[in-house]
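# Summary of the model geometry
Spelled out from the first residue to the last, the chains are:
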Amino acid sequence: PTWRNCWRCTTASSASWAASAERQLAPMRLLPYAMLDSAARDPAACAIQRGGEFLAYGDLASRSRALAGYLRGEGLKSGDRVALLFESGPDYALGCYGAWLAGAAVLGLNAAARGDELASIVEHAGCRFLLVDGAHPEAAALVRALGSSVHVVARGAQRLGESRAQRPPDHH
């Protein structure tokens, strides 16, 4: 085959692949809005349950919107990266949806990693915000390692012992 023919095959394959990927990824771009639709249809329905923790769609939607508003008020801009350090469960989902509704990209951190490893990941990814469970065993080490390079929003910030950590509005 000539270069011209190879280019045509590659271009056709790429176009086909891109169209297929876009169809497959389209629902993921709309995930926060699917959650809001579910909340509007049946706000009392269970959105997330983990052990004894339960969060209804209506609560998830209102708390996610509140967190999104808080993050925007703190200077988050569309396209900013937000790191999350929570165990799997309602708080993790709330962090994802809140960040997504604010226009951010979300980086979920491995809750089993050490603070210095987590700090390296957050810095390398260019995250401007960190949402963290203040009771997480590595939270204080992570916040210390990041210094002032990242805006920290902590759930249960009083347990962090860091004066610069912020608490978003709590809507229970």
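Look a little higher up for the structure.
Since the structure is predicted, the reported quantities are computational estimates derived from the model, not experimental observations.

### Observations regarding helix α5 (residues 115-125)
All buried positions along α5 are accounted for by Gly-115, Leu-118, Ala-119 and Val-122. Buried residues in α5, looked at end-on, bunch into an arc of 100°, giving them a common side. Buried residues in α5 make contact with β3 (81-85) and α6 (139-146).

### A short note on the pattern of salt bridges
For the structure shown, the criterion picks out 3 salt bridges. Two residues, Asp-80 and Arg-128, come together in a salt bridge whose shortest N-O distance is 2.3 Å. Of this pair, Asp-80 sits in the loop between α3 (57-73) and β3 while Arg-128 sits in the loop between α5 and β5 (129-133), and the two are 48 residues apart along the sequence. Of the residues examined, Asp-80 reaches a relative accessible area of 13% and is grouped as buried. Where Arg-114 meets Asp-116, a salt bridge forms, and the shortest distance between an N and an O atom there is 2.9 Å.

### Comments concerning the packing of aromatic side chains
To describe a pair of aromatic rings, you give the distance between the ring centres and the angle between the ring planes. This model, assessed by the stated rule, comprises 1 aromatic pair. On the basis of an interplanar angle of 85° and a centroid distance of 5.5 Å, the ring pair of Tyr-97 and Trp-100 is categorised as edge-to-face. With Tyr-97 and Trp-100 both in helix α4 (residues 90-101) and 3 residues apart, this pair spans about one turn of that helix. The exposure class assigned to Tyr-97 is buried, which follows from its relative accessible area of 14%. A residue is classified by how much of its surface remains accessible, and Trp-100, at 31% relative accessible area, is partly exposed.

### A closer look at α6
Burial in α6 covers these residues: Ala-139, Leu-142, Val-143 and Leu-146. For α6, the arc enclosing every buried residue in end-on projection is 95°, short of the 170-degree limit, so these residues lie on one face. The inward-facing, buried residues of α6 abut β3, α5, β5 and β6 (151-155). Phi for Gly-147, located one or two positions after α6, is positive at around 60°.

### Description of the environment of Gly-73
The topology assignment puts Gly-73 in helix α3. Sequence-wise, Gly-73 and Ala-102 are 29 residues apart; in three dimensions their C-alpha atoms are separated by 9.9 Å.

### Considerations on the pairing of β6
Across 5 bridges, β5 lies against β6 in parallel orientation. In the strand pairing of β6, Leu-131 is matched with Val-153. In this view, the connection linking β5 to its parallel neighbour β6 by way of α6 has right-handed handedness.

Calculation notes
- Residues numbered from 1 in each chain as written.
- Predicted model: local features only at pLDDT ≥ 70, side-chain atom pairs only at ≥ 80, totals over all residues.
- Heavy atoms only, no water.
- Buried < 20%, exposed > 50% of the residue type's maximum accessible area, 1.4 Å probe, protein only.
- Helix = DSSP H or I, 4+ residues; strand = E, 2+ residues; numbered from the N terminus.
- Arc of directions from axis to C-beta.
- Contact = heavy atoms within 4.5 Å.
- Salt bridge = Lys/Arg side-chain N within 4 Å of Asp/Glu carboxyl O.
- Phe/Tyr/Trp six-rings, centres within 6.5 Å; stacked < 30°, edge-to-face > 60°.
- Pairing = 2+ DSSP bridges.
- Right-handed = clockwise from strand over helix to strand, strands pointing away.

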